[in-house]
Amino acid sequence: MTHLSRRKLLKTGLAAGAGFAVTRCASSSTAPSGTPNNPAPGPQVNTNQIKDVNLRLIGTGVSQINEIRNKAQEDLGFKMEMRALSTEENNQIAITQPGQYDIFDGEYFSLPLVVPSGNLRPIEITRITDYDKIVPFFTEGSFDGMPVEQSQGTAPYRVMYVDGPDSKEFSSTPTDYATLIPFQYNADTLGYRPDLVGREIESWAELFNPEFRGKTSILDIPQIGIMDAAMVAEAAGLMTFGDKGNMTRAEIDQITEILKEQKRNGQFRAFWKTFDESVNLMSSGEVVLQSMWSPAVTAVQSRDIECIYAPLTEGYRGWGGGIGLSQNLSGIELDAAYEYINWMLEGWVGAFLGRQGYYSAAPENAKKYMSQAEWEYWYEGQPASEDMVDPFGTTLAAQGSVRDGGSFEERFGNIVCWNSTMEENTYLVQKWNEFIAS
Amino acid sequence: MTRASKTLQTYLLAAPQTLVMLLFLVFPIVMILIVSFWEFTGFSMEPGFTLDNYRAIFSSNVALRTFLNTFKYVALVWAATLLIGYLVAYFLAFYVDDKRLQIGLFLLCTIPFWTSNIIRMISWVPLLGREGLVNSLLLNLGLIQQPLEWLLFSDFAVVLGMVHLYNFFMIAPIFNSLMRIDRNLITAAEDMGASGWQTFKEVILPLSAPGIAIGSIFIVTIVMGEFVTVRLMGGGQAASVGKLIQTQIGSIQYPLAAANAVILLLVTLVLVLAILRVVNIRNEL
């Protein structure tokens, strides 16, 4: 409760600081939506009552999709409410308003911030039916000896386990208690406009190439933007890191200096914070080369504009999302939440998200729901034997085209760093603000 | 008896507003003040008392530079809205005689508020972008050889966006004070041989000063806390205190954000007090 008011008050207080009610018309679009009016049900014993269960989910827009909710309600027989939030809002609510959600759909790099709050209930792995079908990189950090095994940053398996049923401490070795059960992830890289760039982009270093002065962009989210910046700086030979995913203060200083210099030289056209901003920058031609998320690339392509999600020699920046349980859950609601997790791994969702280019945590399950052609295009890197249509009816790839970067193994196996929350997170944010202010 | 009930009535009338203010303004600010002294461990905050958050702000030149940049926006936006707002209000008050037309035109000034922020911001790109309308016009006229980059995602764009959005807050109070000027005073000034400029300087301007002051307070308080326009029009490359606070909140650094908010509030209050010192707005109330 104190948490709830703390956040609310802070927001209100900012408004007060800025003046009075009139001033807020400009910020209303970023305010969180109203909280669901949802009375907590009392203890229930009758199993038929599972249809009275109403689970409240928070998550990013990637998977808070009505089609998924409807299908889940249909298959599982209970109700769900979803709130689509930005990555930042999602973390804020997870940490400061534990009463507002039953299921947390978040990213692994958020966990060093969320888990210490004690708001997540460790998941009993024995209750997860298909746990052994999850890609082993998530559960034990191995992936056929590919480079991803040496990847830096908040890789999922590093924050996958906690010590015990009540623990807030990560365990470096597998235990019976998981923080999140993964269900979707991807390998991110730079996107570019081949028509405006005029040649192939093969290295992260190109982002700082003077050839594209004033036509590049990176993300203005410190924990993600810094990783892209580090990939670029390393590729361009401007600096080296001991561990990109856990930089020292000196390394943060150095990378910030490099970024500031690039900004002074006018290398960047703009920075973006939300998905649609990156789509607009790219499709308007204001920016020709930038860090991007994969659905943003398809969104640009769906406007009939060529856009390539470049496979780069240095490798990819990975991210992964999963489902966590709130401490609020108990009794029949907890059972329902476990059913939901199992349903998420069962395959239908994996196939649904797979048709948009995301990977499923249990690919062999997703395969059951995908057509042969879809599986070959999205996972095996083979030419599409027919047009690839996403679940919303948009054609993402024409017959004969090949997925940028190729197969699942080639793309996922070459992730070299992950979105990261570092030990020096506070310092990083401070230096990032310095970069923005410079 | 009647006196007592009258007093009671006054209190009752004032009660709702007082409650709202206490609950949603005073209480939150007190909370922010308290949180700004809490300890921040890097990943979570602990109740306590530390001056570290303030020390961090005052010892970094980022905070200083960000405040200076915010002041720059305040000054530019204030000057531009005052100039444009005064001209518009003057025109509406003195050149439009038809009351209905006057109100209609006044309402036109609210058009910027009819669309959502996001839509408005997106539509700046086709106008000011590299291949936007303005650039292609200038290119076709042969006035420039290269597209102007500074039209969008620059300080110019930030100021333009804010002037466009907030001009109304300057127009409304100035229009209001101009409408209250007794027209006989102007006739009298003319009868006594004052030139148009003299009439303006000696009669109209002083009488509209309270309107200017109120408009200025609006603009200053709004722009000091601005972060949406700064981010979208500045392309994320421009800094303001509001944006700084937003980034800190986004990274769950509440105590630091709270300390910044407290300082922002104090600075804004000082600016408002300064305006009130210069102009007595009681005449307007």
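Data block above holds the structure.
Rules behind the numbers
- Residues numbered from 1 in each chain as written.
- Chains lettered and ligands numbered in written order.
- Predicted model: local features only at pLDDT ≥ 70, side-chain atom pairs only at ≥ 80, totals over all residues.
- Core = buried A, V, L, I, M, F, W, Y, C linked by C-beta atoms within 7 Å.
- Buried ≥ 20, exposed ≤ 12 C-beta atoms within 10 Å, placed from the backbone.
- Contact = placed C-beta atoms within 7 Å.
- Helix = DSSP H or I, 4+ residues; strand = E, 2+ residues; numbered from the N terminus.
- Nonpolar A, V, L, I, M, F, W, Y, C, P; charged D, E, K, R; others polar.
- Axes fitted to C-alpha atoms, helices over the stretch in contact; angles between N-to-C directions.
- Left-handed = near helix turned anticlockwise from the far one by under 90°.

Colleague: Quick question: what am I supposed to make of the nonpolar core here?
Modeller: Nonpolar side chains in soluble globular proteins generally cluster together in the buried interior. Counting residues in hydrophobic clusters, the biggest one holds 190 residues, and the most contacted among them are Ile-103 and Leu-190 of chain A together with Val-77, Met-162, Tyr-166, Ile-219 and Val-223 of chain B. Ignoring sequence-local partners within four residues, the contact set of Ile-103 of chain A consists of Leu-55, Leu-57, Ile-323, Leu-325, Ser-326, Ala-337 and Tyr-340 of chain A.

Colleague: Can you help me understand the environment of Leu-13 of chain B in this one?
Modeller: All names here are of chain B. Structurally, Leu-13 can be placed in helix α1 (residues 2–35). Assessed through the 10 C-beta atoms surrounding it within 10 Å, Leu-13 is described here as exposed. A C-alpha to C-alpha distance of 38 Å links Leu-13 and Asp-97, two positions 84 residues apart in sequence.

Colleague: Whenever I open this one, the interface of chain B and chain A confuses me. Can you help?
Modeller: One frequent convention defines the size of an interface as the accessible area lost when the parts assemble. Opposite the 58 residues of chain B that make contact, chain A presents 47 residues. Mapped onto the side of chain B that touches chain A, the elements with two or more residues apiece are α1, α3 (61–94), α5 (117–128), α7 (155–180), α9 (196–225), α10 (228–233), α11 (241–250) and α12 (254–278) of chain B. Considering only residue class, the side of chain B that touches chain A consists of 32 nonpolar, 20 polar and six charged.

Colleague: Sorry if this is basic, but what is going on with the environment of Thr-313 of chain A here?
Modeller: Residue and element names in this part refer to chain A. Mapped onto the fold, Thr-313 is located in the loop between β13 (308–309) and β14 (316–326). Given 11 C-beta atoms within 10 Å, Thr-313 falls into the exposed group. In this structure, the C-alpha to C-alpha distance between Thr-313 and Trp-204, residues 109 residues apart in sequence, is 8.0 Å. Not counting residues up to four positions away in its chain, the partners in contact with Thr-313 are Glu-202 and Ser-203.

Colleague: Just to check I follow, could you spell out the packing of helix α16 (residues 425–437) of chain A against α3 of chain B for this structure?
Modeller: Helix-helix packing is characterised by the crossing angle of the two axes and by the distance between the axes. For the pair α16 of chain A and α3 of chain B, interaxial distance at closest approach is 10 Å and the crossing angle is 35°. Judged by the sense of rotation from one axis to the other, the crossing of α16 of chain A with α3 of chain B is left-handed. Residues Asn-433, Glu-434 and Ala-437 of chain A of α16 of chain A lie in contact with α3 of chain B, whose contacting residues are Val-62, Arg-65, Thr-66 and Asn-69 of chain B. Class assignment of the residues belonging to the contact of α16 of chain A with α3 of chain B gives a composition of two nonpolar, three polar and two charged.

No statement about biological role is implied by the geometric values presented.
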